[in-house]
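Here's the letter readout for the chains.
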Amino acid sequence: MKKFQSVRGMRDILPNETKSYRDLESKLMCSANQFGFKEIKTPILEDTNLFIKSIGGGTDIVDKEMYSFVDSKKNSISMRPEGTASCARALVEHGLNESINKIWYSGPFFRHERPQKGRYRQFHQFGVEFIGVNSYEADFEIISLANNIWSNLNLNPRLTINSIGDIKDRKNYKEVLLEYLVKYKNDLTESEKHKLENNPLRLLDTKNKNLKKILEDAPKISTYLSKESKLHFEKLLESLDNSNIKYLKDENLVRGLDYYNRTVFEYLDDTENTQNTICAGGRYDYLFETLCDKKIPALGFAIGIERLIEYADFSNENKDTINFYMIVLDVKDHLYSQEIAHLIRGISKQFIVSNSYNYKNLKSQLKKADKLSADYCVIIGNEESKKNTCQLKNMSSGQQENIHIDKLKNYIKDKIL
Ligand code: HAM
C-alpha cells in the first residue's frame with residue numbers, strides 16, 4: 001500500500017516539539033505586548049498581485065517561490081510568502097493605517113525554495129510591524145524590542161545593519177554600481193548576469209567568493225545616501241551606541257524584498273550554517289503608497305521560528321511541569337489509580353498525570369515511564385489498593401515511599417511542589 005508522506009519541505013511538528021513552539025510564541029508575544037503591539041491574524045491566501053506590487057516582481061520570492069493558483073473565478077491567488085504585505089493590506093482595508101499602529105502576527109508562511117536545514121517550504125514567522133512613525137526613534141524602538149526578545153530568551157545573536165537610502169539615493173547608486181560591475185560581466189555566472197541587468201543591488205549580498213572579491217572595490221551605498229537618509233542612519237547608530245546595543249555595519253546588506261528603504265537589519269546566529277539569519281527586517285516607507293496612494297512610514301521585522309528553535313534548544317528550558325505516570329499491575333485497580341490521578345491533578349496545574357493501560361510487569365512499565373520522562377511514578381499493586389495506599393517513586397533518586405491516599409495531598413505539597 002502506498003504510504004503517504006508530508007509534502008517535501010513541509011514538516012509535521014510532533015507532540016515532543018509543540019511545547020517548545022508554544023512556549024516560544026508566548027515569550028515573543030509577551031515582549032511584543034510589553035512594547036504595546038497587538039495581535040493581527042490575516043488569511044493564508046491573498047490576491048497574487050498584492051505580493052507582486054509589494055515584494056516586487058523580479059525578486060526571487062515573487063518570481064520563483066510563491067505557491068499560486070487560479071481559482072474557479074479566474075483570480076490568481078497565492079499562499080502568503082511573508083506577512084508584511086498582508087498586514088499593510090489589512091490595515092488599509094479596515095482604515096487602520098491612519099493612526100500609529102503596532103501589530104504582531106505569528107503563523108505559517110510558504111515559499112517554494114530548495115529545502116535544506118533552516119529552509120523549509122512551510123515555515124513559521126513571528127513578526128511585528130510599526131506603522132506611522134518616520135523618525136529614527138521608531139527604528140531604535142524596533143531594534144530594542146528585538147533585543148528585549150533575545151535577552152528574555154538568553155540569546156545573543158549578532159545584529160548587522162545598513163541603510164539602503166531612499167528611492168532616489170538607490171537610483172543614483174544603482175547607476176554607479178552597474179557602471180563598475182559591467183567591467184566584470186565576463187566573470188559573472190548566468191544568474192549573476194541576470195541580476196546585473198535587473199537589479200545590480202541584488203549582487204551585493206552574494207556568497208560567491210569571486211564576486212565578493214570583485215565587490216571589495218565597488219562603490220559603496222553610504223556615499224550615495226541623501227543628507228536626510230544619512231542623518232536618519234547616523235542618529236539611529238548613535239542611539240544604539242548610547243544604549244550599548246552592539247551591531248556590525250554591513251554595506252552589502254540589501255535584503256531580498258523590494259519594499260525596503262533606509263534602515264535594513266538582520267540578526268545572525270553564531271553558527272556557520274548558510275541559513276543563519278534568525279530575524280530580519282527594516283523600514284518600508286513606500287509600501288503603503290503602492291496600496292492606498294498615501295505615503296505612510298512603517299517598519300518591522302520577522303523572526304524565523306524554525307531557525308530560532310534550531311539555534312537555541314528550548315526543550316528543557318524552564319521545565320515548569322512535573323510528570324507523574326500511574327502504574328497499575330492489575331486491571332481491576334485501574335479506576336482506583338484514576339482516582340489518585342484526579343487527586344494529583346487537583347493539587348497543581350503544573351502536574352501532568354498519565355495513565356498506563358498496559359498491566360504488564362513493573363519493570364516494563366517503569367521503562368515506559370522513563371521513556372515518557374516521568375518525574376514520579378505512582379505504583380499500585382494488590383496490597384496498595386487493598387490498604388488505600390500507593391507507592392510514590394522518585395524517578396531521578398530512585399527513592400520510593402508507601403503513602404496512604406489521605407496523606408498523599410499534603411505529602412506532595414510538602415515534598416514535591
Ligand atoms: P525575510 O527575510 O524574508 O523577511 O524572512 C524573515 C525570516 O523568516 C528570515 O530571517 C528567516 O529566519 C525566516 N525564513 C524566511 N524564509 C524561510 C524558509 N524558507 N524557511 C525557514 N525560515 C525562513 C520577511 O519575511 C519580512 N516580511 C520581514 C519584515 C517584517 N520586514 C519588515 N517587517
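Look up a bit, the structure's there.
Residues numbered from 1 in each chain as written. Predicted model: local features only at pLDDT ≥ 70, side-chain atom pairs only at ≥ 80, totals over all residues. Heavy atoms only, no water.

**Student:** Account for the side chain of Ser86, naming residues and giving values.
**Tutor:** Tracing the sequence through the fold places Ser86 in helix α4 (residues 84–93). Using a relative accessible area of 0% as the deciding quantity, one classes Ser86 as buried. (Helix = DSSP H or I, 4+ residues; strand = E, 2+ residues; numbered from the N terminus. Buried < 20%, exposed > 50% of the residue type's maximum accessible area, 1.4 Å probe, protein only.)

**Student:** Talk me through the site of the ligand; I want residue IDs and the actual numbers.
**Tutor:** Taken together, 27 residues form the shell around the ligand, and within it Glu82, Glu113, Tyr120, Tyr260 and Thr277 come nearest. Interatomic distance of 2.6 Å between a side-chain N/O atom of Glu82 and a nitrogen atom of the ligand. Contact with the protein chains covers 96% of the free accessible surface of the ligand, which is 660 Å². Secondary structure elements with two or more residues in the shell around the ligand: β6 (122–131), β10 (277–283) and β11 (298–304). Ranked by residues supplied to the shell around the ligand, first place goes to β10 with six residues. When grouped by side-chain class, the residues that make up the shell around the ligand number 12 nonpolar, eight polar and seven charged. (Near = heavy atom within 4 Å. Polar contact = N/O pair within 3.5 Å; in protein donor to acceptor, adjacent residues only side chain to side chain. Areas by Shrake-Rupley, 256 points an atom, 1.4 Å probe, with all protein chains shown as cover. Nonpolar A, V, L, I, M, F, W, Y, C, P; charged D, E, K, R; others polar.)

**Student:** Go over the nonpolar core with me, naming the residues and quoting the values.
**Tutor:** Across soluble globular proteins, you tend to see nonpolar side chains buried next to one another. One finds Leu181 and Phe288 to be the most contacted residues of the largest nonpolar core, which totals 46 residues. Broken down by element, this core gets its largest block of residues, five residues, from α4. For this core, the two domains that each supply at least three residues are domain 1 (15–166 + 227–312) and domain 2 (177–225). Leu181 has contacts with Leu196, Leu203, Leu211, Ile214 and Leu215, leaving out every residue within four places of it along the chain. If you look at the next biggest cluster of nonpolar residues, it comprises 39 residues, including Ile142, Ala146, Leu299 and Ile309. (Core = buried A, V, L, I, M, F, W, Y, C linked by side-chain atoms within 4.5 Å. Domains from an automatic or database assignment. Contact = heavy atoms within 4.5 Å.)

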